[in-house]
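# Notes for the structure review
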Amino acid sequence: MPLVAGVDSSTQSCKVVVRDAETGALVREGRAPHPDGTEVDPRAWWDALLAAVEAAGGLADVAAVSVAGQQHGMVCLDEAGEVVRPALLWNDTRSADAARDLIAEAGGGETGRRFWADAVGLVPVASFTATKLRWLARHEPERAARVAAVCLPHDWLTWRLAGAPGLAALRTDRGDASGTGYWSPVTGQYRPDLLEKAFGRVVEVPTVLGPAAQAGVLDPAVLGDGRAVPGGDVLLGPGTGDNAAAALGVGAGPGDVVVSIGTSGTVFAVADTPAADAGGAVAGFADATGRFLPLVCTLNAARVLDSAATLLGVDLDTLSDLALSAPPGADGLVMVPYLEGERTPDRPTATGAVHGLTLRTATPAHLARAAVEGMLCALADGLDALVAQGATVERVILVGGGARSAAVRRIAPQVFGRPVVVPPPGEYVADGAARQAAWVALGGATPPDWAPKDTEEYAAEPVPAIRQRYAEARDHTLDRVAVPGE
């Protein structure tokens, strides 16, 4: 039976899984860390990919490879294919002013937001590639003048696996292209006018491939000495963005909403029609199967739990136990988890806040519960936004590192008001990439059926007061005011 490999090049690390193409059975895996920060030299991703491939036992026996990557990251290349500057990542908020300017230049207010939503399915915020290009043009004009092509993290890695055969060979897919701000999920075409509006001129962009199209073949020479080298052609899949890959990895279908709690929090549904939310909460992305993936993203997710655990001086398991020992609603203690600013709602300069602190609630258990509930409430706001755009929600599929918390799993149905399904812990972004690679290797109209098994289901009566108190606190949270001299 053929084997395939899936790569997840995320914010924090690179994961590689090798699976049976027909059954999805895991054969082996490897990983390597990425440097921290909101801008990263892409060569660090490449080094991590090579290390993860080696840890996974090489690629000598695989038939195809696909790469999934963090969305929106701005990778700029010069005419020789060299990286112009470190990539600005999705969580870099320095282009917030550029986002506001792009809306203003399209008419401002509701008019400007509706223009962008209708054109490309999203309203500019600091996360998107188009706003980062505007920032680069304004703040680093010498570097901007060197740019001959712009691509995304997964595009660049796929191109490198093919041996970097010239800028015209850059390839991407619908899912990742739909997060740039200059490609339309409705028409399936780039909007060079919007690229020029953002950057001041048109540059080379990757060709957008269909869901199971071949992006090329692996160049054995790029794996280097000491790694298994394939004996024949290894096909390269088109790859995709991390959220589209996660949907493919968990087998999400109509009526499912996936909530992924990782470095960022994402809430997304598989849909047959594109979304165009002028309010900007829902990004009208495409998915990795030819359909659409309306999505809400928050900047603050699993790190909210990490920060609460650090504040209390406990590990994550103890934080979970503490949270479950406090009553639902934490006796009125509420945490608004805007620890890194926020993308949804668009408040890049906001900070976190704790409301309702009293002698009764000034305990580790209450703070732990408030941290879990606050993170989940922010994601539940995203769920509401999807419903407002027409999504049907029969169940919530909970994935990501944060889903490993027993408190998160048990409190989630109280906050979301729907049954929650938790697949076994796994690398679902890498699995989705591997499933795409299997689709490329095996052919066929649809990807192979790799539905996760041994899922756990959680149900509980909703506690409306949790979200009501959170909404009151959220609406009283102020954006940060700069201190002179900073």
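The structure presented is a predicted model; accordingly, all values stated were derived computationally and were not measured.

What counts, and where the lines are drawn
Residues numbered from 1 in each chain as written. Predicted model: local features only at pLDDT ≥ 70, side-chain atom pairs only at ≥ 80, totals over all residues. Heavy atoms only, no water. Helix = DSSP H or I, 4+ residues; strand = E, 2+ residues; numbered from the N terminus. Rg over C-alpha atoms; globule rule 2.2 N^0.38 Å. Buried < 20%, exposed > 50% of the residue type's maximum accessible area, 1.4 Å probe, protein only. UniProt positions renumbered as here; feature names shortened; annotations may be inferred. Expected span 1.5 Å × (residues − 1). Contact = heavy atoms within 4.5 Å. Pairing = 2+ DSSP bridges. Axes fitted to C-alpha atoms, helices over the stretch in contact; angles between N-to-C directions. Core = buried A, V, L, I, M, F, W, Y, C linked by side-chain atoms within 4.5 Å. Salt bridge = Lys/Arg side-chain N within 4 Å of Asp/Glu carboxyl O.

## What about the overall build of the protein?
Along the protein, the regular secondary structure elements total 15 helices and 24 strands. Against the 2.2 N^0.38 benchmark of 23 Å for 486 residues, the protein shows a C-alpha radius of gyration of 22 Å, consistent with a compact globule. Principal-axis analysis of the C-alpha atoms places the extent of the protein at approximately 65 × 50 × 40 Å. Here the protein holds 486 residues, and 58% of them are scored as buried.

## Thoughts on unusual backbone geometry
Within the chain, A164 stands out as a residue other than glycine whose phi angle is a positive 50 degrees. Its relative accessible area of 29% is what places A164 among the partly exposed residues. The residue D331 is not glycine, and still its phi comes out positive at about 55 degrees. Inspection of the secondary structure assignment puts D331 in the loop between α11 (316–325) and β20 (334–336). What makes D331 partly exposed here is its relative accessible area of 31%.

## Brief notes about the UniProt feature "site: Important for activity" (unreviewed entry) in the protein
When the UniProt feature table is mapped onto this chain numbering, "site: Important for activity" (unreviewed entry) sits at D8. Note on placement: D8 falls in strand β1 (residues 3–9). For D8, a relative accessible area of 4% translates into the label buried.

## Concerning the UniProt feature "domain: Carbohydrate kinase FGGY C-terminal" (unreviewed entry) in the protein
Here, the residues flagged by UniProt with the feature "domain: Carbohydrate kinase FGGY C-terminal" (unreviewed entry) are residues 258–439. In residues 258–439, the share of helix is 38% and the share of strand is 19%. The end C-alpha atoms are 22 Å apart.

## A closer look at helix α3 (residues 109–120)
Here α3 spans 17 Å end to end across twelve residues, near enough to the 16 Å set by a 1.5 Å rise per residue. Taken residue by residue, α3 has G112, W116, A117, A119 and V120 as its buried positions. Looking at the buried side of α3, the elements it contacts are α2 (96–105), β10 (183–184) and α8 (192–199). Of the residues one or two after α3, G121 is the one with positive phi, at around 80 degrees.

## Things to note about the sheet that holds strand β16 (residues 256–261)
Strand order in the open sheet made by the seven strands is β18-β19-β17-β16-β22-β23-β24, with mixed pairing throughout. Of all strands in the sheet, those with a lone pairing partner are β18 (283–286) and β24 (456–458), marking the two edges. For this sheet, the mean angle separating the axes of adjacent strands, direction not counted, is 30 degrees. As defined by bridge partners, strand β17 (residues 265–269) adjoins strand β19 (residues 292–298) across four bridges and the pair is classed as antiparallel. Counterpart to F268 in the pairing with β19 is L295.

## Re the nonpolar core
Core analysis: the biggest nonpolar cluster contains 57 residues, and V259, I261, L376, L398 and F416 have the highest contact counts within it. No other element matches helix α12 (residues 364–388), which puts 15 residues into this core. With near-sequence residues (within four places) excluded, L398 lies in contact with V259, I261, A403, V408, R409, A412, V420, V421, V422 and P423. In terms of nonpolar packing, the next biggest core, distinct from the first, is built from 52 residues, A68, V120, L122 and V399 among them.

## Some words on the pattern of salt bridges
In total, this model carries 28 salt bridges according to the counting rule given. The shortest N-O distance in the salt bridge between K15 and D8 comes to 3.2 Å. As far as the burial class goes, K15 and D8 line up, both buried. With a closest N to O distance of 2.8 Å, R19 and D431 form a salt bridge. Taken together, the residues span a long stretch of sequence, with R19 in strand β2 (residues 13–20) and D431 in helix α14 (residues 428–442) at a distance of 412 residues. With respect to burial, R19 and D431 carry one shared label: buried.

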